[in-house]
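Residue-level structure breakdown
So you can see what is in the structure, the chains are spelled out below.
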Amino acid sequence: MMREEARMAELLRQDVAALDPYTPIQPFEVLSKRLGLDPAQIVKLDANENPYGPVPAVAEALAEYGYYHIYPDPEQSELRTELAETLGVAVDSILATHGADEILDTLCRVFLEPGDAVVNCPPTFGMYRFDATINGAQVLDVWRSADDFAVDVGGIVDAIERDRVAAPNGAVAGKPKLLFLTSPNNPSGNWLPDDALARLLALPVMVVLDEAYVEFSDYESRVGLVEDHENLIVVRTFSKVAGLAGLRLGYAVCPQWLMPHLWKFKQPYNVNVAASVAGLASLRSRSEIDRRAKLIREERDRLYGLLSETPFLEPWPSEANFILCKVTGMPARELKETLERSGVMVRYYSSAGLEECIRISVGRPDQSDRLLAVLHGIGR
Ligand SMILES: *Cc1c(COP(=O)(O)O)cnc(C)c1O
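Residues numbered from 1 in each chain as written. Predicted model: local features only at pLDDT ≥ 70, side-chain atom pairs only at ≥ 80, totals over all residues. Heavy atoms only, no water.

Some details on the overall build of the protein chain
Scanning the protein chain for helices and strands turns up 14 helices and 14 strands. Since a compact globule built from 380 residues should have a radius of gyration of about 21 Å, the 22 Å found for the protein chain is in line with a globular shape. Residues counted as buried form 51% of the 380 residues belonging to the protein chain. When the accessible surface of the protein chain is split by element, carbon and sulfur atoms take 55% of a total near 18,200 Å². Mean positive and mean negative side-chain charge positions of the protein chain (38 and 55 charges, respectively) differ by 4 Å. (Helix = DSSP H or I, 4+ residues; strand = E, 2+ residues; numbered from the N terminus. Rg over C-alpha atoms; globule rule 2.2 N^0.38 Å. Buried < 20%, exposed > 50% of the residue type's maximum accessible area, 1.4 Å probe, protein only. Areas by Shrake-Rupley, 256 points an atom, 1.4 Å probe, with all protein chains shown as cover. Lys, Arg positive; Asp, Glu negative; His and termini not counted. Charge placed at Lys NZ, Arg CZ, Asp CG, Glu CD.)

Quick notes on the site of the ligand
Surrounding the ligand, one finds 14 residues, the nearest of these being Asp210, Tyr213, Thr237, Ser239 and Lys240. Within the contact set of the ligand, an oxygen atom lies 2.9 Å away from a backbone nitrogen or oxygen of Asp101. Measuring from a nitrogen atom of the ligand, one finds a side-chain N or O atom of Asp210 at 2.5 Å. The leading source of residues in the shell around the ligand is helix α6 (residues 99-111), at 3 residues. The class makeup of the residues in the shell around the ligand is 5 nonpolar, 5 polar and 4 charged. (Near = heavy atom within 4 Å. Polar contact = N/O pair within 3.5 Å; in protein donor to acceptor, adjacent residues only side chain to side chain. Nonpolar A, V, L, I, M, F, W, Y, C, P; charged D, E, K, R; others polar.)

Concerning the pairing of strand β2 (residues 94-97)
Put simply, side chains in a regular strand alternate between the two faces of the sheet. Where burial is concerned, the two faces of β2 agree: the one with Ile94 and Ala96 and the one with Leu95 and Thr97 are both buried. Strand direction decides the pairing type here: β2 and strand β10 (residues 250-253), joined by 4 bridges, are antiparallel. Along β10, the bridge assignment pairs Thr97 with Gly250. (Pairing = 2+ DSSP bridges.)

Considering the nonpolar core
Counting residues in hydrophobic clusters, the biggest one holds 58 residues, and the most contacted among them are Ile156, Leu179, Leu181 and Phe238. Both of domain 1 (2-53 + 287-379) and domain 2 (57-285) provide at least three residues apiece to this core. Excluding anything up to four places from it in sequence, Leu181 contacts Cys121, Tyr128, Val151, Ile156, Leu192, Leu197, Leu200, Val207, Val208, Leu209 and Asp210. Formed by 24 residues, the second largest nonpolar core is a distinct cluster that contains Leu95, Ala100, Met259 and Leu262. (Core = buried A, V, L, I, M, F, W, Y, C linked by side-chain atoms within 4.5 Å. Domains from an automatic or database assignment. Contact = heavy atoms within 4.5 Å.)

Quick notes on the pattern of salt bridges
Evaluated as defined, the whole model comprises 24 salt bridges. For Glu340, the salt bridge is made with Arg34, and the minimal N-O distance between the two is 3.1 Å. Within this pair, whereas Glu340 is found in helix α13 (residues 332-341), its partner Arg34 is found in helix α3 (residues 28-35), the two being separated by 306 residues in sequence. Look at Glu340 and you get buried, because its relative accessible area is 10%. The salt bridge involving Arg291 is made with Glu288; its shortest N-O contact spans 3.0 Å. Of this pair, Arg291 and Glu288 both sit in helix α12 (residues 286-308), 3 residues apart, which is roughly one turn of that helix. (Salt bridge = Lys/Arg side-chain N within 4 Å of Asp/Glu carboxyl O.)

Re the sheet that holds strand β4 (residues 138-141)
Strand order in the open sheet formed by 7 strands is β2-β10-β9-β8-β7-β3-β4, with mixed pairing between adjacent strands. Two strands close off the open sheet at either side, each with one partner strand: β2 and β4. Adjacent strand axes in the sheet meet at a mean angle of 25° when their direction is disregarded. For strand β3 (residues 117-120) and β4, the ladder comprises 4 bridges, and the chain directions are parallel. (Axes fitted to C-alpha atoms, helices over the stretch in contact; angles between N-to-C directions.)

Let's talk about the packing of helix α4 (residues 56-64) against helix α11 (residues 273-283)
Their axes nearest at 8 Å, the elements α4 and α11 cross at an angle of 135°. Here α4 is positioned oblique relative to α11, judged by the angle of their axes. When you trace α4 past α11, the crossing you get is right-handed. The residues of α11 that touch α4, namely those facing Ala57, Val58, Ala61 and Leu62, are Ala274, Val277, Ala278, Ala281 and Ser282. Here the residues of the contact of α4 with α11 are counted per class, giving 8 nonpolar, 1 polar and no charged. (Parallel < 35°, antiparallel > 145°, perpendicular 65-115°, else oblique. Left-handed = near helix turned anticlockwise from the far one by under 90°.)

Regarding the packing of helix α8 (residues 153-161) against helix α9 (residues 194-201)
At a minimum axis distance of 10 Å, the contact between α8 and α9 shows a crossing angle of 5°. Here α9 runs roughly parallel to α8, going by the angle between their axes. Contacts between α8 and α9 involve Val153, Ile156 and Val157 from the former and Ala196, Arg199 and Leu200 from the latter. Per-class residue counts for the contact of α8 with α9 are 5 nonpolar, no polar and 1 charged.

Things to note about the environment of Tyr68
Positionally, Tyr68 belongs in the loop between α4 and α5 (77-87). Remark: the alpha-carbon pair of Tyr68 and Ala274, spanning 206 residues in sequence, is separated by 7.8 Å. Beyond its immediate sequence surroundings of up to four residues, Tyr68 is in contact with Leu62, Val273 and Ala274. Reaching out from Tyr68, the side chain makes a polar contact with the backbone oxygen of Leu62 at a distance of 2.7 Å.

What follows is the structure, encoded as structure tokens:
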């Protein structure tokens, strides 16, 4: 039996077999059982979810929709038309996907062959490295500055202009094809300034600009730049600002030359009808979504002030719906576990560039108060 297993396992792609094992996050219900707390008592500030959930129109639209037994429109025409109007971009520059995560993977599959390279700017969202690796590419890390997480524009220019690049594992990779940028960046919350973006857009590389949190910033989205840049793809999502993380709906605004190729790769039914219906209802409730985004921004600024006054925390300013903090005077893991025992979940990091850091998602004011009550208890 074991030998049969081993023989079959040899059929796997070798690069997949060699990947690190997958570690799932603990679902909410499992966690509440483990902590012996009612799910309603848990303050979940670990995944940048929207504490207000979807707007009420979403539940109404889902209840009213009568065609769940019919396959979705493979082109998501209604949703994309509404999106085009909202964003002020051409409808045929938009591709809708099963969360932003799907378009990131699709872009890797469309551009990357084994041995190709991408440029990644850590510390950042983990999916760029994951998707590039799973598609056989080498990941060239150009680290952000340690004090304010600004991207190293000169370092990126070097990595892209060099002819052939030695990858970290000793292999030689080709010229990078994709450059992943995030603005505001997750987990640091900082904005990518216009001058940096302009210099990077001048490079001979596809720039994938992930704007999952742009609605929480004081700046405008860059979707309007796509029209004039054949190498810019802007990725957006309904998960954070519209509170639809569990329904999975994202999209990309892409240069028109790329669209036919993306359509070839896209699974026809990648976006389910519930996600489409919910997305449309959200777009039609723009003012309510904007109102909630404003509440979250205001709460972020209040929370930032309060965290700054906490003796063992050093928060970084944020343009997003989360705040990254350096933990001083105690191990960050211990702080995370203390908070968890009181039912307050935050994201803890121990990876390079994020040593002794936690990331706190911005919740409702009452959730911040629960967090702060625990923090004050530790202080004394
Ligand atoms: C949350 C997040 C996403 C994922 O969005 P989904 O639409 O839920 O897949 C993409 N990019 C960044 C930077 C994120 O933090």
